Amino acid sequence: MTKHVLLTGGGGFVGSHVLRHLMTNTDWTVTLPVTFRHKGVPKRIASALETNPEWWDRVDVVYCDLTAPIDPVTAARFGKVDYLFNVASESHVDRSIDQPGPFIENNVRLITNILDYARQAKPSLVLQMSTDEVYGPAPDGYEHREWDAIAPSNPYSASKAAQEAVCFTYWRTYGVPVVITNTMNILGEQQDTEKFIPKTMRAILQGEPATVHVSPGGRPGSRFYLHARNLADAWLWLARNHKPQQYGDFDRPSRFHIVGEREVDNIEMVHLLADLMGTGDPKLDLVDFHSSRPGHDLRYALDGGKLAAAGWQAPLSLEESLRRTVEWTLRHPEWLGLPATEVAR
Ligand SMILES: NC(=O)c1ccc[n+]([C@@H]2O[C@H](COP(=O)([O-])OP(=O)(O)OC[C@H]3O[C@@H](n4cnc5c(N)ncnc54)[C@H](O)[C@@H]3O)[C@@H](O)[C@H]2O)c1
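Throughout this description, residue numbers start from 1 for each chain and increase along the sequence as written. It should be noted that, the model being predicted, local features are given only for residues of pLDDT at least 70 and side-chain atom pairs only at 80 or more, the latter also being counted only at that level, while totals for whole chains, interfaces and linings use all residues. Excluded from the side-chain calculations are hydrogens and water; all other atoms, namely the structure's heavy atoms, are used.

### Some points on the overall build of the chain
The test is simple: Working definition: helices are DSSP H or I runs of at least four residues, strands are E runs of at least two. Numbering for both runs from the N terminus. Only protein chains enter the accessibility calculation, which uses a 1.4 Å probe; a residue whose area is less than 20% of its type maximum is buried, one above 50% is exposed, and one in between is partly exposed. By the convention used here, residues are in contact when the closest approach between their heavy atoms is within 4.5 Å. Here the accessible surface of atoms and residues is derived via Shrake-Rupley with a 1.4 Å probe, and residues count as covered only by protein chains that are part of the display. The sign given to each residue is positive for Lys and Arg and negative for Asp and Glu; His and the chain ends receive no count. Working definition for charges: the position is that of NZ of Lys, CZ of Arg, CG of Asp or CD of Glu.
Secondary structure assignment for the chain yields 13 helices and 13 strands. When the backbone C-alpha atoms are referred to their principal axes, the chain occupies close to 55 × 45 × 40 Å. Taking all 345 residues of the chain together, 55% fall into the buried category. Expressed as a percentage of contacts within the chain between residues at least 6 apart in sequence, the contacts between residues at least 24 apart total 81%. Carbon together with sulfur atoms contributes 52% to the accessible area of the chain, which is approximately 14,500 Å² in total. In the chain, the 35 positive side-chain charges and the 42 negative ones have mean positions that sit 5 Å from each other.

What follows is the structure, given as structure tokens:
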């Protein structure tokens, strides 16, 4: 049966991939509450729908800053919502370190307003997009498991941990059917150049050194990168297959880790990108992260066994994810802030 999804953050990087995935793989309708002042970009929505213009008939875009409560007129415009997919957040560690107050305030207000809306609208599922960063750095050889201790290192991860706490509370107090997912670093087409992969591609194309944060001993950070399409696929899988845990039967809401297939250190990632771009050996600028970015963690790692055991498999491998991202970005250099002439080879 067709469903109606309220998808926040649809003008953002991850949200626009979720939108495209829902259009491609379901007949569901989607309402997008958007602002374009928190890194949302209208072109991402247009681009997610451009291959099939008839998809516009299934999508309603509503201007809505989620730091304000959702008023009854806007709620009526949303219509009957079956699933609420909450992707929206301020999302960049460095900006959170520069200006922690507004950053944390945005993310906490946003989740409170979304969940207040959910109390009234009563969707059967609220998916909350969280991050590996809420657990803090992972010791060597260890992958955080669902419900490990929360120990955020910077204002961004603190704001995401706060969102989780608000989710837990609304689940426990009001019975909102929250499912929290923690995701590793995401890559894909149309990511903002403030993030590592597009920033690195841009540096390589301009013949500049790619900055990589390393420990005082010179060891690079590492991540389990995941394509945004894989994240979208995992969310669709959860919406179709998972019944949210309820208070009374369980002492905590459902939580799943969504993880890339293997660990890649950030020097290896620069080389993988340069290989795919065909630009030869990249130049590197290794920066001691302790002095340059206090609050930055060297290694994140999550155990994705729970979701895999439940039956979800990622559709895209890391190599395929990177290949698609690089090829698309070279054809659309404006997403790196570069004119086409600079990437013509
Ligand atoms: N990108 C990653 O590597 C990564 C990894 C783990 C988790 N996440 C989480 O994924 C989500 C999306 O990240 P992204 O990379 O797409 O970020 P993004 O900055 O590209 O998009 C964020 C979206 O949130 C919206 N938003 C922010 N504040 C809002 C507000 N007050 N009202 C309405 N909309 C608002 C923006 O308009 C934008 O559409 C975030 O919740 C982030 O914490 C991202």
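After that view of the structure, there is still more to cover.
### Examining the nonpolar core
Defined as follows: Residues belong to a common nonpolar core when they are buried Ala, Val, Leu, Ile, Met, Phe, Trp, Tyr or Cys residues joined through side-chain atoms within 4.5 Å.
Counting residues in hydrophobic clusters, the biggest one holds 39 residues, and the most contacted among them are Leu7, Leu19, Phe85 and Leu231. Of all the secondary structure elements, the ones that give two or more residues to this core are β1 (4-8), α1 (13-25), β2 (29-34), α2 (42-49), β4 (83-86), β5 (125-131), α8 (228-241) and β11 (254-258). If near-sequence neighbours (up to four positions away) are discounted, Leu231 is found in contact with Val14, Val18, Met129, Thr183, Ile186, Leu226 and Ile258. Among the nonpolar cores identified, the runner-up in size contains 23 residues, and Ile70, Leu84, Ile111 and Trp171 belong to it.

### Considerations on the site of the ligand
Threshold: If even one non-hydrogen atom of a residue comes within 4 Å of a molecule or strand, that residue is called near it. Polar contact is the term for a pair of N or O atoms within 3.5 Å; when the atoms are in protein, one must be able to donate a hydrogen and the other to accept it, and sequence-neighboring residues count only if both atoms are side-chain atoms. Residue polarity follows a fixed list, in which Ala, Val, Leu, Ile, Met, Phe, Trp, Tyr, Cys and Pro are nonpolar, Asp, Glu, Lys and Arg are charged, and the others, Gly among them, are polar.
The environment of the ligand is made up of 31 residues, and the closest members are Val14, Val87, Tyr156, Lys160 and Ile186. At 3.0 Å, a backbone N or O of Phe13 approaches an oxygen atom of the ligand. With respect to the ligand, the backbone of Ile186 contributes an N or O atom lying 2.8 Å from an oxygen atom. Summarising the interface, the protein chains cover 97% of the accessible area of the ligand, which totals 830 Å² for the free molecule. At the level of elements, α1, α5 (100-121), β5 and α6 (155-174) are the ones that each hand at least two residues to the shell around the ligand. Within the shell around the ligand, the residues separate by chemical class into 11 nonpolar, 15 polar and five charged.

### Some details on the packing of aromatic side chains
Put simply, the test is: When two rings of Phe, Tyr or Trp (its six-membered ring) have centres within 6.5 Å they constitute a pair, described as stacked for plane angles under 30 degrees, edge-to-face for angles over 60, and tilted for the intermediate range. Any Lys NZ or Arg CZ that is within 6 Å of a ring centre and within 35 degrees of that ring's normal is treated as a charge sitting over the ring.
Counting across every chain of the model gives nine aromatic pairs. Cluster of aromatic residues (ring-pair linked, three or more members): Trp147, Phe168, Trp171 and Tyr247. Arg119 extends its terminal NZ or CZ atom over the ring of Tyr174, reaching a point 3.6 Å from the ring centre. Positioned above the aromatic ring of Phe256, the side-chain terminus of Lys306 is 4.5 Å from the ring centre.

### Observations concerning α2
Of all the positions in α2, only Arg44, Ile45, Ser47, Ala48 and Leu49 are classed as buried. Looking at the buried side of α2, the elements it contacts are α1, β2 and β3 (59-63).

### Some remarks on the sheet that holds β3
So the rule is basically this: Two strands pair if DSSP finds at least two bridges between them. With axes taken as lines fitted to C-alpha atoms, and helix axes fitted only over the stretch in contact, angles between N-to-C directions fall between 0 and 180 degrees.
Across the sheet, seven strands lie side by side as β3-β2-β1-β4-β5-β6-β11; this open sheet has parallel pairing. This sheet does not close on itself; its edge strands, each paired only once, are β3 and β11. Neighbour-to-neighbour, the strand axes of the sheet open up by a mean angle of 20°, direction not taken into account. Looking at chain direction, strand β6 (residues 178-183) and β11 are connected through five bridges and run parallel. Across the sheet, Thr181 pairs through a bridge with Phe256, a residue of β11. Contacts between α5 and the sheet are confined to β1, β4, β5 and β6, with β4 contributing the most and set at about 180° to the helix.

### Quick look at α1
Note the threshold: Here, expected helix span is obtained from the residue count minus one, scaled by 1.5 Å.
Taking 1.5 Å per residue as the helical rise, α1 with its 13 residues ought to reach 18 Å, and the 19 Å between its terminal C-alpha atoms agrees with that figure. Counting buried positions over the 13 residues of α1 gives 10, a clear majority of the element. Phe13, Val14, Gly15, Ser16, His17, Val18, Leu19, His21, Leu22 and Met23 are the residues of α1 that are buried.

### Observations concerning the side chain of Thr131
On the secondary structure map, Thr131 appears in strand β5. You can call Thr131 buried: its relative accessible area is 6%. A polar contact of 2.8 Å, which involves the side chain of Thr131, links it to the side chain of Asp132. In contact with Thr131, other than residues within four places in its own chain, are Tyr156, Lys160, Thr181, Asn182 and Thr183.

### Here's the deal with the pattern of salt bridges
Using the following cut-off: For this document, the term salt bridge refers to a Lys or Arg side-chain nitrogen within 4 Å of an Asp or Glu carboxyl oxygen.
One pass over the full model with this rule turns up 17 salt bridges. Here Glu50 ties to Lys43 by a salt bridge, and the two come within 3.7 Å at their closest N and O atoms. Several salt bridges share partner residues, and in doing so they unite Glu90, Arg95, Glu194 and Lys195 into one network.

### Brief notes about the domain arrangement of the chain
For clarity, the cut-off: Boundaries between domains were set according to an automatic or database domain assignment. Take the accessible area each of two parts loses on contact, using a 1.4 Å probe, and add the two losses: that sum is the buried area.
Considered domain by domain, the chain is made up of domain 1 (4-187 + 224-258) and domain 2 (196-223 + 264-299 + 316-343). Each of domain 1 and domain 2 was reduced to a C-alpha centroid, and the two centroids are 26 Å apart. Contact with domain 1, which involves 23 residues of that partner, is made by 19 residues of domain 2. Of all residues in domain 1, Leu187, Tyr225 and His227 give up the largest surface area on contact with domain 2, accounting jointly for 32% of the area buried on that side. Here domain 1 and domain 2 share one salt bridge between them. Notably, a salt bridge pairs Asp140 with Arg219, separated by 2.9 Å at the nearest N-O pair. Our count for the domain 1 to domain 2 interface comes out at six residue pairs in polar contact (both at pLDDT 80 or more). Of all the secondary-structure elements, those providing two or more residues to the side of domain 1 that touches domain 2 are α2, α4 (93-98) and α8.

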